[in-house]
Amino acid sequence: SKGMPFLSSLGAEVQRRGIKTGDVYDRAQKSMGPLIIVSAYTNIDTLAHQPRGDNSNFGFYVYRINTNSGALTLLSVQQGILNPAFSRFHPTKNLMYAATESIHENGLVYTYSLNVEDGTLTEVSQQDAGGASTCYLTVDREENNMLFVNYWDSTLGTFPLADGKPVDNVKLIETKFDAGDAATKPKPAPKAGEQRKHSLNDPDTAAERQSSAHAHSIVLDPYMGTTAYVPDLGQDCVHQYHFDEKTGALSHKGKIKADATASGPHGPRYIEFHKKLNVAYLINEMSCCVSVFKFDPKAVEDIHAGGDSPSLEQIQAISTVPDGFPTMYNTCGRIAIDPTGNYVLVSNRGHDSIAVFKILGKKGGMLSRVGFFHTRGCTPRHFAFDESGRYLIAANQDSNLISVFDFNPANGVLSHTGNDYVVPSPNFICAPSLSLN
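Considerations on empty space enclosed by the protein
Inference 1: What the rule picks out here adds up to one cavity of 30 Å³ or more.
Inference 2: Within this model, the largest cavity holds a volume of roughly 170 Å³.
Inference 3: Glu-101, Cys-135, His-216, Arg-269 and Arg-381 are, among the 17 residues lining the largest cavity, the residues nearest its centre.
Inference 4: Elements represented by at least two residues in the lining of the largest cavity include exactly strand E4 (84-89), strand E8 (134-139), strand E17 (268-273), strand E25 (380-385) and strand E29 (426-430).
Inference 5: Its residues assigned to classes, the lining of the largest cavity comprises seven nonpolar, seven polar and three charged.

Below is the structure:
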């Protein structure tokens, strides 16, 4: 796919499908809702996977959401960045970090400031991540370090932050620890057109994806913020590390099976911790299930003191697709806990839905299924709630479309608002805090 001229390509798509690029701008909307930042692929030939959407001429589309209707108004677009595929807003500063995805060159972590009036992004800095396909960013509790992972060569590391801005002092390590581990040698990059589609999960594709280690995310524990968890799609495990807040160093402290209740491949992707319950939820994108773990704060204390106790104990595994739907036609994307803390949501790429689960607090955070809600497009790679928790925006990567849903916190049901917008190959939704808007 080639990049399309913005006006002609989107105009043709709008006319063909009757879908909007954005609702009419109204100055009064500036006081009606926060900003929503959508990132998009600009060169799909450089990716490890093969989206079916179009190349975008813009890396970012910045919208304002109307909190009365869920309608989005397109405020600005941003060029000059290759394949931004993961974004993270600083917890307390008006800074957005974005990681680039390419298997042919090292990822870059861009820092932007955001104009909350007109939605424009201004580049502040760039930081080389030392590895290909940078796919996850985490700011530590003290806001002194950025932790990151590079998917293609399965490296992970940290660099310090000075007033929120990266300092070029990267500490990088590989996810290979002993001779018993699976082969972790990075594979040669596939040629354009030979990449695997992430909505396919047949045995050959699964075997190819697990022929080497692939660190997919890095998340700090909610108790002390000193144990880092790294789901490894290639090795079907979650690595534990001790994170030294002063030096930024990461020390390996063992690994936990992605799902001990069934044989793989599982392909762990993301892990989310509950804010109030001692429970964590791991999404396994290849086996299409959520592994539920009891979280042990005492084990985190032991790791902080130099030990290597496992801090996660599995208590459940639950499917993200209907029982009769073949998992070979689906992989999972994002997992998230809704703002009320009562539901877990997962995106299904292939089944093209969001699965919603009720969190059973009296059963230690185990899950029960609420239902499946189709996202009105193909391959929902990512989704996010707006700050209010009322609206959910889904990025349908392979149909050049984002869709807005109304979320009912009383029962977990998603209802389409009628608001769909054209964005070529959308891959991530970032919803900055209202305090920054």
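From this point on, the discussion continues.
Overview of the sheet that holds strand E28 (residues 413-422)
Backbone hydrogen bonds hold the strands of a sheet together, and the pairing may be parallel or antiparallel.
Inference 1: The strand order across the open sheet built from four strands is E25-E26-E27-E28, with neighbouring strands paired in antiparallel fashion. With partners counted over all chains shown, the strands left at the sheet margins are E25 and E28, one partner each. Pairs of neighbouring strands in the sheet enclose a mean axial angle of 25°, with direction left out of account.

A look at the nonpolar core
Inference 1: With 78 residues, the main nonpolar core has Ile-37, Ile-218, Tyr-281, Val-290, Leu-312, Val-344 and Leu-367 as its most contacted residues.
Inference 2: Residue contacts for Val-344: discarding those within four places in its chain leaves Tyr-281, Ile-335, Ala-336, Ile-337, Ala-355, Val-356, Phe-357, Ile-359 and Leu-367.

Description of the pairing of strand E1 (residues 35-40)
Inference 1: Judged by how many residues are buried, E1 sits mostly within the fold: six of six residues are covered.
Inference 2: Across the two faces of E1 the burial is the same, with Leu-35, Ile-37 and Ser-39 and Ile-36, Val-38 and Ala-40 all buried.
Inference 3: Direction of pairing for E1 relative to strand E2 (residues 60-65): antiparallel, over a ladder of five bridges. Looking across to E2, one finds that Leu-35 is bridged to Arg-64.
Inference 4: Sheet analysis places E1 next to E29, joined by four bridges and oriented antiparallel. Across the sheet, the residue bridging to Ser-39 is Phe-428, located in E29.

Quick look at the pattern of salt bridges
Inference 1: Under the definition given, this model contains 10 salt bridges.
Inference 2: Notably, a salt bridge pairs Lys-165 with Asp-163, separated by 3.8 Å at the nearest N-O pair.
Inference 3: Using a relative accessible area of 34% as the deciding quantity, one classes Lys-165 as partly exposed.
Inference 4: Between Arg-349 and Glu-285 there is a salt bridge, with the nearest N and O atoms lying 3.0 Å from each other. Residue Arg-349 is found in strand E22 (residues 343-349), and its partner Glu-285 is found in the loop between strand E18 (279-284) and strand E19 (289-295); the two are separated by 64 residues along the sequence. Glu-285 carries the same exposure label as Arg-349, and that label is buried.

A word on the packing of aromatic side chains
Inference 1: Enumeration according to the criterion identifies 12 aromatic pairs in this entry.
Inference 2: With a centroid separation of 5.5 Å and 80° between ring planes, the pair formed by Phe-60 and Tyr-112 is classed as edge-to-face. Here Phe-60, found in strand E2, pairs with Tyr-112, found in strand E6 (residues 106-114); they are 52 residues apart in sequence, far enough to count as distant. There is no split in this pair, since Phe-60 and Tyr-112 are both buried.
Inference 3: Here Tyr-343 and Phe-407 contribute two aromatic rings whose centre-to-centre distance is 5.6 Å and whose plane-to-plane angle is 85°, an arrangement assigned as edge-to-face. With Tyr-343 in strand E22 and Phe-407 in strand E27 (residues 401-408), this pair connects stretches of sequence that are 64 residues apart. The same class applies to Tyr-343 and to Phe-407, which are both buried.
Inference 4: In textbook terms, an aromatic cluster arises when at least three aromatic residues are bridged by ring pairs, as seen for Phe-86, Tyr-136, Tyr-270 and Phe-428.
Inference 5: Above the plane of the ring of Phe-383 lies Arg-334, whose end atom (NZ or CZ) is 5.5 Å from the centre.

Topic: the layout of surface pockets
Inference 1: As a volume, the largest pocket reaches approximately 1800 Å³.
Inference 2: Contributing to the lining of the largest pocket are 46 residues, with Arg-88, Glu-272, Lys-275, Arg-334 and Ile-337 lying nearest its centre.
Inference 3: Secondary-structure elements contributing two or more residues to the lining of the largest pocket are E4, E8, strand E13 (219-220), E17, strand E21 (331-337), E25 and E29.
Inference 4: Residue composition of the lining of the largest pocket, by class: 25 nonpolar, 10 polar and 11 charged.

Digging into the sheet that holds E4
Inference 1: Here four strands make up an open sheet; going across it, the order is E4-E5-E6-E7 and the pairing antiparallel. A strand with exactly one partner marks an edge of an open sheet, and here the two such strands are E4 and strand E7 (121-132). Put simply, the sheet's adjacent strands are angled 20° from each other on average, direction ignored.
Inference 2: The pairing of E6 with E7 spans eight bridges and is classified as antiparallel. Within E7, the residue paired with Leu-114 across the bridge is Leu-121.

Thresholds, definitions, all that
- Residues numbered from 1 in each chain as written.
- Predicted model: local features only at pLDDT ≥ 70, side-chain atom pairs only at ≥ 80, totals over all residues.
- Heavy atoms only, no water.
- 1 Å grid on protein atoms, 1.4 Å probe; cavity = no way out; pocket = protein on both sides within 12 Å on 5 of 7 lines; lining within 4 Å.
- Points joined across faces, edges and corners; volume = space filled by probe spheres on them.
- Helix = DSSP H or I, 4+ residues; strand = E, 2+ residues; numbered from the N terminus.
- Nonpolar A, V, L, I, M, F, W, Y, C, P; charged D, E, K, R; others polar.
- Pairing = 2+ DSSP bridges.
- Axes fitted to C-alpha atoms, helices over the stretch in contact; angles between N-to-C directions.
- Core = buried A, V, L, I, M, F, W, Y, C linked by side-chain atoms within 4.5 Å.
- Buried < 20%, exposed > 50% of the residue type's maximum accessible area, 1.4 Å probe, protein only.
- Contact = heavy atoms within 4.5 Å.
- Salt bridge = Lys/Arg side-chain N within 4 Å of Asp/Glu carboxyl O.
- Phe/Tyr/Trp six-rings, centres within 6.5 Å; stacked < 30°, edge-to-face > 60°.
- Lys NZ or Arg CZ within 6 Å of the ring centre and 35° of its normal.

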